[in-house]
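Here is what each chain is made of, one letter per residue.
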Amino acid sequence: MNIVVIGSGYVGLVSGTCFSEMGNNVTCVDIDEAKINSLNKGIIPIYEPGLEAMVLKNIKNNNLHFTTSLHSVLADAEIIFIAVGTPMGDDGSADLQYVLAVAKSIGTTMQKRLVVVDKSTVPVGTADKVKETIQHELDKRGVTITFDVVSNPEFLKEGAAINDFMKPDRVVIGAESDYAIEKMKQLYAPFCMSHDRFITMDIRSAEMTKYAANAMLATKISFMNEIANICEKVGADANQVRIGIGSDSRIGYNFIYPGCGYGGSCFPKDVKALKKIASEYNYEAKLISSVEAVNDAQKLVIATKIRKRFGEDLKGKTFGIWGLAFKPGTDDMREAPAIYIIKELVKRGAKIKAYDPKAMKEAKEFYLKDLENVLYVDSKYQAVKDADAMVLLTEWKEFRSPDFEEIKRVLKTPVIFDGRNQYNMFNLQKRGFEYYQIGKE
């Protein structure tokens, strides 16, 4: 099939590349000329395991193309995916200006029947707005062309997006016509061969499904962090409690690990947007609001433990930070707990030595750009050399089994703050470390 994906960010690039991997002819369109030039040279703007190799392979096979010109590729397209950004407004709502700008461009350019797919995470009712915008442009042109608008939310985990797309848990399609459903079923057939994972529903339910899924996962995280905080007060061990409740098949172990809060491009934005959607319909989403409030507070729990150990004035103290990305397997630092913790420590006079396998460029150039007293180093052991304490904030694999004797040797004081509960408290205390984690005093 001839596929056009408009927007070559995270969702658009992964989606377009995976569609091309199955033999489709895919063109990714973006208004950012520098990005398109880089992609045509095989330079990938994001880090995602397996993505670069797949992009290069399909460029070579002539299945994957990149351009800034929508007009030049629309004539042959059968399905068009809208995968542009929907940045969060000051009030928590999703900004649809880019989505609707694309819809307008489609309406001014299309010459035959198309299936237009909302792949971006958008509020309930967005498909109606896209449809109205396209139809308005067709009416201005005085032409009658049949088209379909479909909602096809993405459920990709950063760090595992290729596998998620190639072997999806489900493919959700919200559509109004049998034609659109059949087109989407044909496109996704190679991805759903082993199980019937193709789920069709009305458009508004499909739009709501993405928000509901992310809000549910965020709720599990905040719930476990709340339990962890209570555990500290009553003298229980949150890690043991997690095992106790996770063994219940109705609950399971996924997303119930105590830590320093969720971040990234999806959970924070989608929780806020869902709150906003509810308020627009005069409903107060109390549970969703609490999920957000718990998470906001959780991002500073480790900083609070550091202050409790070293005092409110951290001048003259240095902290070795392991991990900057909001999760392992990505360079994404959007809403990462590391941002809030590092800023809190620096505000109190501390110096930071930071190491992350992938996210240091993001930190330097964007998220911690103007922050003084932050030094970026080339290895995890350099980060803790002559530091007053080690602070683990992202659970990268290379941090799981470090040389604790080396850490103890190079630290000024053998103190570890573990924001992801990666290590065994008993073992580290036996080695002579002061060890602080989430959910156990």
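Our subject is the structure listed above.
Heads up: these notes are all about the structure in this document. As the structure is a computational prediction, the values presented were derived from the model and not from experiment.

Here we look at the overall build of the protein chain
Link 1 in the chain: Looking only at helices and strands, the protein chain features 18 helices and 14 strands.
Link 2 in the chain: In terms of overall dimensions, the protein chain has a C-alpha envelope of 75 × 45 × 40 Å along the principal axes.
Link 3 in the chain: Going through the 441 residues of the protein chain one by one, you find that 53% of them count as buried.
Link 4 in the chain: The contacts of the protein chain with a sequence gap of at least 6 include a subset with a gap of at least 24, amounting to 74%.
Link 5 in the chain: When the accessible surface of the protein chain is summed, it comes to about 20100 Å², and 50% of that surface belongs to carbon and sulfur atoms.
Link 6 in the chain: With 58 positive and 58 negative side-chain charges, the protein chain shows a separation of 5 Å between the mean positions of the two kinds.

A look at the pairing of strand E10 (residues 351-355)
Link 1 in the chain: Most of E10 sits out of view: four of its five residues are buried.
Link 2 in the chain: One ladder, built from five bridges, connects strand E9 (residues 318-322) with E10; its direction is parallel. Directly across from Gly320, in E10, lies its bridge partner Lys353.
Link 3 in the chain: Once the chain exits E9 it traverses helix H14 (residues 337-347) before rejoining the sheet at E10, and the crossover so formed is right-handed.
Link 4 in the chain: Pairing of E10 with strand E11 (residues 374-376) involves three bridges; the strand directions are parallel. The residue bridging Ile352 from the neighbouring strand is Val374, located in E11.
Link 5 in the chain: Between the parallel elements E10 and E11, the chain passes through helix H15 (residues 360-367) in a crossover that is right-handed.

Description of the side chain of Asn421
Link 1 in the chain: Along the chain, Asn421 falls in the loop between strand E13 (415-418) and helix H18 (425-430).
Link 2 in the chain: Relative accessible area serves as the criterion here: at 12%, Asn421 is assigned to the buried category.
Link 3 in the chain: Setting aside chain neighbours within four positions, we find Asn421 in contact with Asn239, Pro258, Tyr435, Gln437 and Ile438.

With respect to the nonpolar core
Within soluble globular proteins, side chains that are nonpolar generally end up buried alongside one another.
Link 1 in the chain: With 58 residues, the main nonpolar core has Phe319 and Leu324 as its most contacted residues.
Link 2 in the chain: Considering each element in turn, this core owes the most residues, six residues, to H14.
Link 3 in the chain: Excluding residues within four positions of it along the chain, Phe319 makes contact with Ile306, Phe310, Leu314, Leu345, Ala350, Lys351, Ile352, Lys353, Ala387, Ala389 and Val391.
Link 4 in the chain: Ile44, Leu64, Ile173 and Leu187 belong to the second-largest nonpolar core, a separate cluster that totals 41 residues.

Some details on the sheet that holds E9
Link 1 in the chain: Reading across the sheet, the six strands line up as E11-E10-E9-E12-E13-E14 and stay open at both edges, with parallel pairing between neighbours. Among the strands making up the open sheet, the edge pair consists of E11 and strand E14 (434-437). For this sheet, the mean angle separating the axes of adjacent strands, direction not counted, is 20°.
Link 2 in the chain: Sheet strands touched by H14: E9, E10 and E11. Its angle to E10, the strand with the most contacts, is close to 155°.

Let's talk about the pattern of salt bridges
Link 1 in the chain: Applying the stated criterion to the full structure yields 28 salt bridges.
Link 2 in the chain: For Glu154, the salt bridge goes to Lys210, with nearest N and O atoms at 2.8 Å. On the criterion of sequence distance, the pair formed by Glu154 in the loop between strand E6 (147-151) and helix H7 (161-166) and Lys210 in helix H9 (residues 203-234) is long-range, its members being 56 residues apart. The pair formed by Glu154 and Lys210 is uniform in burial state, with each residue classed as buried.
Link 3 in the chain: Through salt bridges with shared partners, a single network forms among Arg307, Glu312, Glu344, Lys347 and Arg348.

Points about the packing of helix H13 (residues 301-310) against H14
Link 1 in the chain: With their axes 8 Å apart at the nearest point, H13 and H14 run at an angle of 30° to one another. It follows from the interaxial angle that H13 and H14 lie roughly parallel. Taken as a pair, H13 and H14 cross one another with a handedness that is right-handed. Of the residues in H14, those touching H13 at Ile302, Ala303, Ile306 and Arg307 are Ile341, Glu344 and Leu345.
Link 2 in the chain: The residue makeup of the contact of H13 with H14, split by class, is five nonpolar, no polar and two charged.

The rules behind each value
Residues numbered from 1 in each chain as written. Predicted model: local features only at pLDDT ≥ 70, side-chain atom pairs only at ≥ 80, totals over all residues. Heavy atoms only, no water. Helix = DSSP H or I, 4+ residues; strand = E, 2+ residues; numbered from the N terminus. Buried < 20%, exposed > 50% of the residue type's maximum accessible area, 1.4 Å probe, protein only. Contact = heavy atoms within 4.5 Å. Areas by Shrake-Rupley, 256 points an atom, 1.4 Å probe, with all protein chains shown as cover. Lys, Arg positive; Asp, Glu negative; His and termini not counted. Charge placed at Lys NZ, Arg CZ, Asp CG, Glu CD. Pairing = 2+ DSSP bridges. Right-handed = clockwise from strand over helix to strand, strands pointing away. Core = buried A, V, L, I, M, F, W, Y, C linked by side-chain atoms within 4.5 Å. Axes fitted to C-alpha atoms, helices over the stretch in contact; angles between N-to-C directions. Salt bridge = Lys/Arg side-chain N within 4 Å of Asp/Glu carboxyl O. Parallel < 35°, antiparallel > 145°, perpendicular 65-115°, else oblique. Left-handed = near helix turned anticlockwise from the far one by under 90°. Nonpolar A, V, L, I, M, F, W, Y, C, P; charged D, E, K, R; others polar.

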